[in-house]
Amino acid sequence: MVNGDGAHEHTEEAETKQDGTAEADGGEESNEQEVIVIQDTGFTVKIQAPGTEPFDLQVSPQEMVQEIHQVLMDREDTCHRTCFSLQLDGNVLDNFAELKSIEGLQEGSLLKVVEEPYTVREARIHVRHIRDLLKSLDPSDAYNGVDCNSLSFLSIFTDGDLGDSGKRKKKGNELEQIDCTPPEHILPGSKERPLVPLQPQNKDWKPMQCLKVLTMSGWNPPPGNRKMHGDLMYLYIVTVEERHVSVTASTRGFYLNQSTTYTFNPKPANPSFLSHSLVELLSQISPAFKKNFHCPAKEKRHPFERIATPFQVYSWTAPQVDHAMDCVRAEDAYTSRLGYEEHIPGQTRDWNEELQTTRELPRKNLPERLLRERAIFKVHSDFAAAATRGAMAVIDGNVMAINPGEETRMQMFIWNNIFFSLGFDVRDHYRELGGDAAAHAAPTNDLNGVRAYGAVDVEGLYTLGTVVVDYRGYRVTAQSIIPGILEREQEQSVIYGSIDFGKTVVSHSKYLELLEKTSRPLKVQRHNVLNEKNDSVELCSSVECKGIIGNDGRHYILDLLRTFPPDLNFLPVDGEELPLESQRQGFPRQHRHRLACLRQELIEAFVEHRYLLFMKMAALQLMQQKANKDTKTDTPPATTQNGECKSPLEGKELEESIPGLAQAKELAETLVAEDGSDPKSREVVLNACKAVGSISNTSFDIRFNPDIFSPGVRFPDDSADDVQKQKQLLKDAAAFLVSCQIPSLVKDCLDHSALPMDGATLTEALHQRGINVRYLGTVLEFVDKTPAKAQLEHFYRIGISELITRCAKHIFKTYLQGVELSALSAAVSHFLNCFLSSFPDAVAHLPPDELVSRRKSRKRRNRVPGSGDNTAWASLTPSELWKNIASEAQSYYHFTIQCESVDQVVEKYNLQKTTLLREISVKTGIQILIKEYNFDSRHKPAFTEEDILNIFPVVKHVNPKASDAFHFFQSGQAKVQQGFLKEGCELINEALNLFNNVYGPMHVEICACLRLLARLNYIMGDHPEALSNQQKAVLMSERVLGIEHPNTIQEYMHLALYCFANGQLSTALKLLYRARYLMLLVCGEDHPEMALLDSNIGLVLHGVMEYDLSLRFLENALTINTKYHGPRSLKVALSHHLVARVYESKAEFRSALQHEKEGYTIYKNQMGEAHEKTKESSEYLKYLTQQAVALQRTMNEIYKNGSNASIMPLKFTAPSMASVLEQLNIINGIIFIPLSQKDLENLKAEVQRRQQLQELGKNEEPTEDSPLELEDKIPID
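Here the residue numbers are simple positions, counted from 1 along each chain's written sequence. For this predicted model, a pLDDT threshold of at least 70 governs which residues receive local features, and a threshold of 80 or more governs which side-chain atom pairs are given and counted, while totals over whole chains, interfaces and linings are taken from all residues. Water and hydrogen atoms play no part in the side-chain values, which are based on all heavy atoms of the structure.

In the nomenclature of an unreviewed UniProt entry, the chain corresponds to Clustered mitochondria protein homolog from the organism Lates calcarifer. UniProt positions are given in the numbering used here, feature names are shortened, and annotations may be inferred rather than shown by experiment. Per UniProt, the chain carries the Function (unreviewed entry) text "mRNA-binding protein involved in proper cytoplasmic distribution of mitochondria. Specifically binds mRNAs of nuclear-encoded mitochondrial proteins in the cytoplasm and regulates transport or translation of these transcripts close to mitochondria, playing a role in mitochondrial biogenesis." Recorded in UniProt for the chain, the comment headed Sequence similarities (unreviewed entry) runs: "Belongs to the CLU family."

Written out as structure tokens, the structure reads:
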């Protein structure tokens, strides 16, 4: 129903199936009850602020008083107040109290806003808030990637908020004013890919200047005698009128004093306005300030353009932004408010305590779970932000190491209660596993482990907050600190697991009990290993997983890098043979390190696959038994007693081929549910268990032992069988990846259920199916050997560019480690020149001599980690870099690229340089100046050091989930799929509320929710609502995923459709053109999704009678559809029909007939003569033939009789909007009719849909003269 929402949902579905949460349905009813209780009981209070009229505010009993404060700070007439209290009947309300706990607060109560005296802290908060108001429209924070700001450009294409424009533009005949011609570079076939349009300049972004300077005065802090007069601090301000003033912030408010730059005179100026708010004071002294200062609430902009995102999004391009004076920014940088969040008493935050306490919150019912998940999410996003800031400070050399005497690679750091370590192999810890390469891979594996244990969420088992940051070529791991761990040696603390990869091992009963609970969901088998004394020790995790009890008494586990079993395809073991499927593909292969492990998604898929196998085995055995004895009729009743269906079975094909298999399957399911008292059935289950490698003989249960093949781990003799079994399972899993998962990915790409558009979406598609990116070379080879290779060209191209940019990233990483900070931009631009510029001898610019100090400074020891010769980077040449890329591709991906320069690669694989630039920048965190780069010049390099604006961190962290909301979302989707739109809609609305509750207003999952809601609104005929929800989805996608993320492109397309349905044609076109521009930039024209986009553009242009332009797009769509769907596909037939309709409108009947005939042939061959579509097409052919004949007659008449011929008026009509919309719906996969008549439940939905269709008909009265109407009605029954 909805394209591409399923992105990350499948894994979770699989988990719940296996944990046997069959009681979900029961639970849901109660959930809905609870939700309703939460939301029903809001009430209204009156609020009276000084100098304004009282207003009403809707509040809910769960809110805190603080949230009302926030509302007031966002409201237009009170936005400049920060230091006030709320009072009810003269009593001050406690900021942290919930409203329901306040005595006497009820419907209609009057709350007074009372100004409070300032303190230094409050005065600072006030100045900071005023600065934020002044800067609210300024995009520089989004470009600089700070404070969770990010870019959004939708409003430029919709002229502000769509809600209003709908009302504005409804006026009569809109067709006249539209200019439909897109810029040249958007037209089909255009080869130029400009960068500048990526960030259209918004005129609203040059905010009116209110002040020239607002900064802290040099006279701070007030001397003692002034402190005793209530002076808190002094500000220096320059107004737009060039008036320089000095302001005192005192406990009573702000006033002008008589100080100047060089003389201190704290006495009030004359006249002195004392005002509680700085805004009021400035409005008194500066007319320009009074005129230009707006509260952001007044702006036309959608709030989603301003709200902070939960995690920072960085932009890889930015314009040159003027650097303005900003006191708060300067102060932040120096006092490094790094951990000193103003709002928390006691200064630095104890991250570990916060992370663990939120986990311990109660979770018995829905309101508790919401509170808990909200707290967990909030702390996580704060922790990720702090860890990122710290990691950058560490690499930039601004943090003192805790072991400053050691060499730089070995240093560790603590900052703001977070522990930082570098991704190097310290003390040869990983020597056997691959040295630095292993040390680089371990943190991400560990993070995956933390994610997995966090998702299982066992009470009493704690993991560390973990964030992995890649910055300037270094990998930094940031972790929260276990209380007490720094005071003692690791040997004493570890009471479970091993600190030397299994030479010495200990275990602990409490840990076994806790880990046992994770064993089933994570598929980890309990097993015994031998310790150094040859005693058997029982574990329920890999040996490296260490258990430490902190001083807080909590049980922590850390070093989870081997939570998942090893990947034998990349781990050659002497004397072990892999299955043939793997050997045929050239496995096992040597990898950089020995930590390669299988992904959790693969384990899930493998177990699911084995479960189906298990069921089939049991069923087939039962059939044989049944065939052996005469069929007795006493068996079936037994199945109904306890034969609840435990698993979703996909064996449709099998059932048709073998009679009686269906009953046998039911029987098999009973057996699995039974306790196995009947010996016959016990035997069946036993055989099936053996066949699929289950660890139990009485039921299906597959788990892995993560220590198999770990060097240094020894197993006791009595478990030899078990170990053998586990080895076989691992080999089977490795073979399953190669023989099932890779082909299934390719199949999904062939039938377009997976549509990667860039590197990130390709990686996501691989990961969803449990394929690691190290298999990319294998996947590409597989595609290369596929017979339908031509239909996978887009996939192959994206794969190659991903492979090349990843190789370049590996090289860039070590390249950057040798670069001093002062040469960073020169080094980055040199690397990009070698990578992308056609200029053959790119020469690096070393920093000019006048900056190199007179005395050749002796090398200081405490350099940035890594170091080495600091100018080695300058000797890199393009040909050397491309040689390195080719050898990296060979050694890492086992893939051969025979190219010696960027131009050869671009030529051979049909790549675009802008796409490569985007991919490498996003992967490495480079930000470049947005301008047109001349990559192809052979006379000068494309980049100079001025073009490199910034280098950002690339951050990996855990994404905590909103579980209840997610279940609502899934059941909503399921309902929609069954055709119960209304119920589905309600559930999804509910999910939206819960998501908002947990994540706040901005999140990827909320974006998916809004998109689905909009689609449902649209199908149910509520176009304005669809428009409003989809607008939010687009804004959110731009802000949370990025302005040119493939998901954003899709959202733009959906929004264009709803705009068209709402009669906003020019907006619809602008949005489609934007989507096409972004898509060209991200993946080029040759992509199956481009056909859909071009069909949309062509249809809208047809609707506004731009026939020639329309044809360019529709014919391009036809070409692409033919290429990717094959010439006999129904999509191609539809494309032919759309082109024919435009030719008909141009009265070029011969071309129209030609295309419609093609379409007719496809329908006839695919669907048969009798099918609706074939009949429709043949009717249309007849009609076209008549028109052609009529036209010919008229022409003959003219030739014969010249100017005095009597001409029959020919009817050329523009297509009606309704018919265009109908075609738009068809191509976008929106169907207003039930798909199968058999289903009785769907009758209900059908009736509703019929009503909607009639309403649709009413809204858009078809114009009488359009003969097309009849041709294109969708058959309703």
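Colleague: Explain the overall build of the chain here, please?
Modeller: In terms of helices and strands, the chain carries 44 helices and 23 strands. Each residue's exposure class comes from its accessible area (1.4 Å probe, protein chains only) as a fraction of the maximum for that residue type: buried when under 20%, exposed when over 50%, partly exposed otherwise. Relative to its full complement of 1277 residues, the chain shows a buried share of 55%. The contact rule is simple, with two residues in contact once any of their heavy atoms fall within 4.5 Å. Within the chain, contacts between residues separated by at least 24 positions form 72% of all contacts whose residues are at least 6 apart in sequence. When the accessible surface of the chain is summed, it comes to about 57500 Å², and 53% of that surface belongs to carbon and sulfur atoms. Going along the chain from the N terminus, every DSSP run of H or I of four or more residues is numbered as a helix, and every run of E of two or more is numbered as a strand. For every accessible area listed, the method is Shrake-Rupley and the probe measures 1.4 Å; residues are considered covered only by the protein chains on display.

Colleague: How do you make sense of empty space enclosed by the protein when you look at a structure like this?
Modeller: It is the rolling of a water-molecule-sized probe over the atoms that shows where space remains empty. Think of a 1 Å grid over the protein atoms and nothing else: a 1.4 Å probe that fits but is trapped marks a cavity, an open set flanked by protein within 12 Å on at least five of seven lines marks a pocket, and residues with an atom within 4 Å of a point count as lining. Grid points are joined across faces, edges and corners, and a volume is the space filled by probe spheres set on the points. Scanning the entire structure with this criterion turns up 9 cavities of 30 Å³ or more. Its boundaries defined by the atoms lining it, the second largest cavity holds a volume of some 100 Å³. Elements with a minimum of two residues in the lining of the second largest cavity: helix H12 (351-360) and helix H14 (435-456). Among the elements that take part in the lining of the second largest cavity, H12 stands out by supplying 3 residues, more than any other. Following the grouping adopted for this structure description, the nonpolar residues are Ala, Val, Leu, Ile, Met, Phe, Trp, Tyr, Cys and Pro, the charged ones are Asp, Glu, Lys and Arg, and the polar ones are all others, Gly among them. Its residues assigned to classes, the lining of the second largest cavity shows 4 nonpolar, 5 polar and 1 charged.

Colleague: What should I look at first to understand the sheet that holds strand E19 (residues 546-549) in this one?
Modeller: Pairing between the strands of a sheet is mediated by backbone hydrogen bonds and can be parallel or antiparallel. Read from one edge of the open sheet, 4 strands run E13-E20-E19-E16, paired in mixed fashion. In the strand order of this sheet, the two ends are held by strand E13 (461-462) and strand E16 (494-496), each with one partner. As paired elements, E13 and strand E20 (residues 555-558) share 2 bridges and run parallel to each other. Paired with Leu461 across the bridge in E20 is His555. We call two strands paired when DSSP finds no fewer than two bridges between them.

Colleague: Explain H14 here, please?
Modeller: Quick reminder: α-helices carry 3.6 residues per turn. Residues three or four places apart thus point the same way. What a helix should span is 1.5 Å times the count of its residues minus one. For H14, which comprises 22 residues, the first-to-last C-alpha distance of 31 Å matches the rise-based estimate of 32 Å (1.5 Å per residue) to within 8%. The seven residues ending at a residue and the seven starting there each receive a fitted axis; the angle between those axes is the bend at that residue. Of all the bends in H14, the greatest, near 25 degrees, is centred on Ala442, and the proline Pro443 appears no more than four residues after it. The buried fraction of H14 is high, at 16 of 22 residues. One or two steps after H14, the chain reaches Asp457, where phi turns positive at roughly 60 degrees.

Colleague: Looking at this structure, how should I read the sheet that holds strand E21 (residues 926-929)?
Modeller: Pairing is mixed across the open sheet formed by 3 strands, whose spatial order is E10-E21-E22. Single-partner strands in this sheet number two, and they are strand E10 (317-318) and strand E22 (948-951). Pairing analysis gives 3 bridges linking E21 to E22, with the strands arranged antiparallel. Each residue of the ladder has a partner; that of Gln927, found in E22, is Asn950. With respect to the sheet, helix H27 (residues 824-836) is in contact with E21 and E22, its orientation differing from that of E22 by roughly 105 degrees. To obtain an axis, a line is fitted to C-alpha atoms, over the contacting stretch when the element is a helix, and the angle between two such axes runs from 0 to 180 degrees between their N-to-C directions.

Colleague: Please clarify how the packing of helix H18 (residues 600-628) against helix H22 (residues 679-692) should be interpreted in this entry.
Modeller: The description of two helices packed together rests on the angle between their axes and the distance between the axes. Look at H18 against H22: their axes get within 9 Å of each other, and the N-to-C directions meet at 140 degrees. Classed by the angle they form, the pair H18 and H22 counts as oblique. Seen along the crossing, H18 lies across H22 with a hand that is right-handed. Note on element contacts: H22 touches H18 through Lys680, Glu683, Val684, Val685, Asn687, Ala688, Cys689, Ala691 and Val692, opposite Arg610, Leu613, Phe614, Met617, Ala618, Gln621, Leu622 and Gln625. Note on angle classes: values under 35 degrees are labelled roughly parallel, values over 145 roughly antiparallel, values of 65 to 115 roughly perpendicular, and the remainder oblique. The sense of a crossing depends on the near helix, which, turned anticlockwise from the far helix by less than a right angle, makes the crossing left-handed and, turned clockwise, makes it right-handed.

Colleague: What's the story with the packing of aromatic side chains in this structure? I'm lost.
Modeller: The relative placement of two aromatic rings is captured by the distance of their centres and the angle of their planes. Here the aromatic set is Phe, Tyr and Trp, taking the six-membered ring for Trp, and pairing holds for ring centres within 6.5 Å; pairs whose planes are under 30 degrees apart are stacked, those over 60 apart are edge-to-face, and all others are tilted. Under the defined criterion, the tally for this structure stands at 36 aromatic pairs. Look at Tyr234 and Phe264: their rings are 5.5 Å apart centre to centre, the planes differ by 65 degrees, and that puts the pair in the edge-to-face class. Taken together, the residues Tyr234 in strand E7 (residues 231-239) and Phe264 in the loop between strand E9 (253-257) and helix H9 (278-285) connect sequence positions 30 residues apart. Residue Tyr234 is classed as buried on the basis of its relative accessible area of 1%. On the accessibility criterion, Phe264 (30% relative accessible area) is partly exposed. Ring geometry for Phe812 against Tyr815: centres 6.1 Å apart, planes inclined by 25 degrees, an arrangement best described as stacked.

Colleague: When you look at the pattern of salt bridges in this model, what are you seeing that I'm missing?
Modeller: Close approach of charged atoms lets side chains of opposite charge pair. One side-chain nitrogen of Lys or Arg within 4 Å of one carboxyl oxygen of Asp or Glu is enough to make a salt bridge. Scanning the model with the defined rule gives 62 salt bridges in all. The residue Arg774 makes a salt bridge to Asp567 at a minimum N-O spacing of 3.0 Å. Of the two residues, Arg774 sits in the loop between helix H24 (759-768) and helix H25 (776-785) while Asp567 sits in the loop between E20 and helix H17 (580-584), which places them 207 residues apart along the sequence. Take Asp567: its relative accessible area is 0%, and that puts it in the buried class. Linking Asp748 and Arg769 is a salt bridge whose minimum nitrogen-to-oxygen distance equals 3.0 Å. On the criterion of sequence distance, the pair formed by Asp748 in helix H23 (residues 720-750) and Arg769 in the loop between H24 and H25 is long-range, its members being 21 residues apart.

Colleague: Please clarify how the packing of helix H36 (residues 1065-1083) against helix H37 (residues 1088-1103) should be interpreted in this entry.
Modeller: Taken N-terminus to C-terminus, the directions of H36 and H37 make an angle of 155 degrees; their axes are 10 Å apart at the nearest point. With respect to each other, H36 and H37 are oriented roughly antiparallel. For H36 against H37, the interelement crossing comes out left-handed. Where H36 approaches H37, its residues Leu1069, Leu1072, Tyr1073, Ala1075, Arg1076, Met1079 and Leu1080 are matched on the opposing element by Glu1089, Met1090, Leu1093, Asp1094, Asn1096, Ile1097, Val1100 and Leu1101.

Colleague: Is there a simple way to explain helix H29 (residues 902-909) in this structure?
Modeller: Among all positions in H29, only Val902, Val905, Val906 and Tyr909 are buried. Summarising the axial view, the buried residues of H29 lie within an arc of 95 degrees, below the 170-degree limit, and thus occupy one face. Packing partners of the buried residues in H29 comprise helix H26 (793-817), H27, helix H28 (878-893) and helix H30 (913-924). Immediately beyond the C-terminal end of H29, within one or two residues, lies Asn910, with a positive phi of roughly 60 degrees. By construction, the arc corresponds to the directions joining the helix axis to the C-beta atoms.

Colleague: What am I meant to see in the environment of Pro706 here?
Modeller: Along the chain, Pro706 turns up in the loop between H22 and H23. On the accessibility criterion, Pro706 (2% relative accessible area) is buried. C-alpha separation for the pair Pro706 and Gln726, spaced 20 residues apart in sequence, amounts to 9.3 Å.

Colleague: Help me understand the nonpolar core in this model?
Modeller: Most often, soluble globular proteins have nonpolar side chains that are buried together. Counting 278 residues, the largest nonpolar core has Phe835, Ile928 and Phe995 as the members making the most contacts within it. No other element matches H36, which puts 14 residues into this core. Among residues more than four places away in sequence, those in contact with Phe995 are Ala962, Ala965, Phe966, Phe969, Gly1000, Glu1005, Ile1006 and Cys1009. Joining through side-chain atoms within 4.5 Å is the link that ties buried Ala, Val, Leu, Ile, Met, Phe, Trp, Tyr and Cys residues into a set, and such a set is a nonpolar core. In this structure, Tyr118, Leu211, Leu282 and Phe293 belong to the second largest nonpolar core, which totals 27 residues.

Colleague: Where do I start with the pairing of strand E14 (residues 466-471) in this structure?
Modeller: On a regular strand, one side chain projects to one face of the sheet and the next to the other, so that they alternate. Of all 6 residues in E14, 6 are buried, a share of seventy percent or more. Here E14 shows no split at all, with Thr466, Val468 and Asp470 on one side and Val467, Val469 and Tyr471 on the other all buried. Two strands pair when backbone bridges link them, and E14 and strand E15 (residues 474-480) are joined in this way by 6 bridges, in the antiparallel orientation. Bridging from a neighbouring strand, Tyr471 pairs with Tyr474 of E15. Connecting E14 to the next strand, E15, in antiparallel fashion are 2 residues, including Arg472 with a positive phi near 50 degrees. Both E14 and strand E23 (residues 954-957) contribute to a ladder of 4 bridges, which runs antiparallel. Bridge pairing links Asp470 to Val954 in E23.

Colleague: Please explain the environment of Ser901 as it appears in this structure.
Modeller: Looking at where Ser901 falls in the secondary structure, it is placed in the loop between H28 and H29. Under the relative-accessibility criterion, Ser901 is labelled partly exposed at 25%. When the C-alpha atoms of Ser901 and Cys834 are compared, they prove to be 9.0 Å apart, with 67 residues separating the residues in sequence.

Colleague: Sorry if this is basic, but what is going on with the side chain of Ser582 here?
Modeller: Locating Ser582 in the fold gives a position in helix H17. What Ser582 contacts, discounting residues up to four positions off in sequence, is Asn569, Phe587, Ala734, Ala735 and Val738.

Colleague: Please clarify how a nonpolar patch on the surface should be interpreted in this entry.
Modeller: A surface patch of nonpolar side chains, amounting to about 320 Å² of accessible area, comprises Met1195, Ile1198 and Tyr1199. By the secondary structure assignment, Ile1198 is in helix H41 (residues 1172-1201). In this analysis, a patch consists of residues with relative accessible area above 30% that form no salt bridge, clustered at 9 Å for like charges and at 5 Å for the nonpolar side chains Val, Leu, Ile, Met, Phe, Trp and Tyr.

Colleague: Got a minute to help me understand the side chain of Arg1015 in this structure?
Modeller: Looking at the secondary structure, you find Arg1015 in helix H33 (residues 1004-1019). Among the polar contacts listed, one links the side chain of Arg1015 to the backbone oxygen of Gly1229, at a separation of 3.3 Å. Two N or O atoms count as a polar contact when they lie within 3.5 Å, although within protein this holds only if one can serve as hydrogen donor and the other as acceptor, and sequence-adjacent residues are included solely when both atoms are side-chain atoms.

Colleague: I keep staring at unusual backbone geometry and nothing clicks. Help me out?
Modeller: Among all residues except glycine, the phi angle is most often negative; among peptide bonds, the trans geometry is most common. Cis rather than trans, the peptide bond between Asn220 and Pro221 has omega equal to -15 degrees. By the secondary structure assignment, Pro221 is in the loop between strand E6 (211-216) and helix H8 (224-227). Here the amide bond leading from Phe587 into Pro588 is cis, since omega sits at 0 degrees, within 30 degrees of zero. Tracing the chain through its elements places Pro588 in the loop between H17 and H18.

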